[in-house]
Amino acid sequence: MFISRPAPDVVALTDAVPLPGIGFLPVNAYVLYAGEPVLIDTGLRSSSPEFVEELWSLIEPADLRWVILTHPDGDHTGSVFEILDAAPNTRLVTAMPDMDRQARERRISPERVFLLNPGESLDVGDRRLLAFRPPFSDSPAKLGLIDDATGSCFSSDGFGAPVTTADFLESDDIGAVPEPDRIAGQRLWAAVDSPWPSDMDRDAFLSTLLPLRDVDPPVVLSSHLPPAHHKAEALLDTLANAQDACPGVGPDQAPLRRMFAEMAART
């Protein structure tokens, strides 16, 4: 687990998933020190004890007011119930499709839930978090967030990309990753995570990128990319061309066995 401060009022907790033959996929969660402190996503289930320990070293459980799940994938929900149990003043922020999934796993008191949809905002004391649907969304529950006090953009899976070495996981800016590697990684992630844009009308597809182009956030904090300062236009340009990439095909059994072997060697 790597701890960094990639933007004003923000601490990132960075983990990683190994991708045999490719490198590593960063997995980021963020603490936002707002008037009412916020945690955005809750890490990998496999790293839950370490994640929770690091989180409570950054903020007291009694002080945490909001836990936002940007969508219900397991690399975003890994410690959600442990955190809710430990932080009695915390409310869970999610979209309705995500709430349905969480409720099937464990009952959550309605008083502790706040439903947020794209186009709406959440008041966190000294600022508002504006919710939007990230580019290449593959889930009806997916939320991106823009901090209206600083302009920081929490883009969920939007702009994800694997990195080739573990050194890049501790980078304080995506500029440390060679540009060809960043572009190739973004295109790979887009093709695998959200193959549907290849079937869209091109003008309709490009229109999905316009809202963030208009905002031009000073920093993009993706769930699966090192921090990107003043590079929103470059990230969007890469996605604009990603529609031409071939839809991704998942690995077969051979690389899966290699991944398990590599994981076993590390334990």
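Residues numbered from 1 in each chain as written. Predicted model: local features only at pLDDT ≥ 70, side-chain atom pairs only at ≥ 80, totals over all residues. Heavy atoms only, no water.

Asker: Hey, could you go over the side chain of D157 for me, with residue numbers and the actual values?
Answerer: Looking at where D157 falls in the secondary structure, it is placed in the loop between strand 11 (153-156) and helix 4 (179-193). Of the polar contacts made by the side chain of D157, one reaches the side chain of H224; its length is 3.0 Å. Beyond its immediate chain neighbours, meaning those up to four positions away, D157 contacts H71, D73, H76, K142, W189, D193, S222, S223 and H224. (Helix = DSSP H or I, 4+ residues; strand = E, 2+ residues; numbered from the N terminus. Polar contact = N/O pair within 3.5 Å; in protein donor to acceptor, adjacent residues only side chain to side chain. Contact = heavy atoms within 4.5 Å.)

Asker: For the nonpolar core, give the residues involved together with the corresponding values.
Answerer: F159 and L212 are the most contacted members of the largest nonpolar core, which has 25 residues in total. Ranked by the residues each element gives to this core, the list is headed by helix 7 (residues 232-242), at six residues. Membership of the second largest hydrophobic core comes to 22 residues, among which are V11, A29, L39 and A87. (Core = buried A, V, L, I, M, F, W, Y, C linked by side-chain atoms within 4.5 Å. Buried < 20%, exposed > 50% of the residue type's maximum accessible area, 1.4 Å probe, protein only.)

Asker: Describe the sheet that holds strand 1 (residues 2-7), and please don't skip the residues or the numbers.
Answerer: Across the sheet, which stays open at both edges, the seven strands sit in the order 1-2-3-4-5-6-7 with mixed pairing between neighbours. Of all the strands in the sheet, the pair left with one neighbour each is strand 1 and strand 7 (113-115). The sheet shows a mean angle of 25° between the axes of neighbouring strands, direction not considered. Bridging between strand 1 and strand 2 (residues 10-19) involves four bridges; their strand directions are antiparallel. Looking at the pairing, I3 lines up with L13 of strand 2. (Pairing = 2+ DSSP bridges. Axes fitted to C-alpha atoms, helices over the stretch in contact; angles between N-to-C directions.)

Asker: Pulling in residues and values, what's your account of the pattern of salt bridges?
Answerer: Note that side chains of opposite charge can pair when their charged atoms are close. Summed over all chains, the structure comprises nine salt bridges. A salt bridge links D157 to K142; its shortest N-O distance comes to 3.4 Å. Of this pair, D157 sits in the loop between strand 11 and helix 4 while K142 sits in the loop between strand 9 (128-132) and strand 10 (144-147), placing them 15 residues apart in sequence. Accessibility assignment for this pair places D157 and K142 in one class, buried. Here R213 ties to D237 by a salt bridge, and the two come within 2.9 Å at their closest N and O atoms. With R213 in helix 6 (residues 210-215) and D237 in helix 7, this pair connects stretches of sequence that are 24 residues apart. Residue classification places R213 among the partly exposed positions, given a relative accessible area of 30%. Taken together, the shared-partner salt bridges in this structure form one network comprising D9, D126, R127 and D147. (Salt bridge = Lys/Arg side-chain N within 4 Å of Asp/Glu carboxyl O.)

Asker: For the pairing of strand 3 (residues 23-32), give the residues involved together with the corresponding values.
Answerer: With 10 of 10 residues buried, strand 3 is to be regarded as a mostly interior element. Note: strand 2 against strand 3, 10 bridges, orientation antiparallel. Along strand 3, the bridge assignment pairs V11 with V31. The hairpin turn running from strand 2 into strand 3, its antiparallel successor, is three residues long, and G21 in that turn takes a positive phi close to 80°. Across three bridges, strand 3 lies against strand 4 (residues 38-40) in antiparallel orientation. The residue bridging L32 from the neighbouring strand is V38, located in strand 4.

Asker: I'd like to hear about the packing of helix 4 against helix 7, residue by residue, with values.
Answerer: Across the interface, helix 4 lies against helix 7 with an axial gap of 10 Å and an inter-helix angle of 50°. For the element pair helix 4 / helix 7, the angle class is oblique. The hand of the helix 4/helix 7 crossing is right-handed. For the pair helix 4 and helix 7, contact is made by R182, I183, Q186, R187 and A190 and by A234, L235, T238, L239, N241 and A242, respectively. Of the residues belonging to the contact of helix 4 with helix 7, the class tally is six nonpolar, three polar and two charged. (Parallel < 35°, antiparallel > 145°, perpendicular 65-115°, else oblique. Left-handed = near helix turned anticlockwise from the far one by under 90°. Nonpolar A, V, L, I, M, F, W, Y, C, P; charged D, E, K, R; others polar.)

Asker: Explain the packing of aromatic side chains residue by residue, including any values.
Answerer: Tallied over the full model, the rule gives two aromatic pairs. Judged by centre distance (5.5 Å) and plane angle (65°), the ring pair of Y30 and F154 falls under edge-to-face. One end of the pair, Y30, is in strand 3; the other, F154, is in strand 11, and 124 residues separate them in sequence. Its relative accessible area of 2% is what places F154 among the buried residues. Seen in terms of ring centroids, W66 and F114 are 5.7 Å apart; in terms of plane orientation they differ by 85°. Their pairing is edge-to-face. (Phe/Tyr/Trp six-rings, centres within 6.5 Å; stacked < 30°, edge-to-face > 60°.)

Asker: Help me get a handle on the sheet that holds strand 11, residues and values and all.
Answerer: A sheet is described by the order of its strands in space; here six strands give the open sequence 8-9-10-11-12-13, paired in mixed fashion. Edge positions in the sheet fall to strand 8 (121-123) and strand 13 (228-229), since each has one partner strand and no second. The sheet contact formed by strand 12 (residues 219-222) and strand 13 spans two bridges and is antiparallel. Bridge pairing links V220 to A228 in strand 13.

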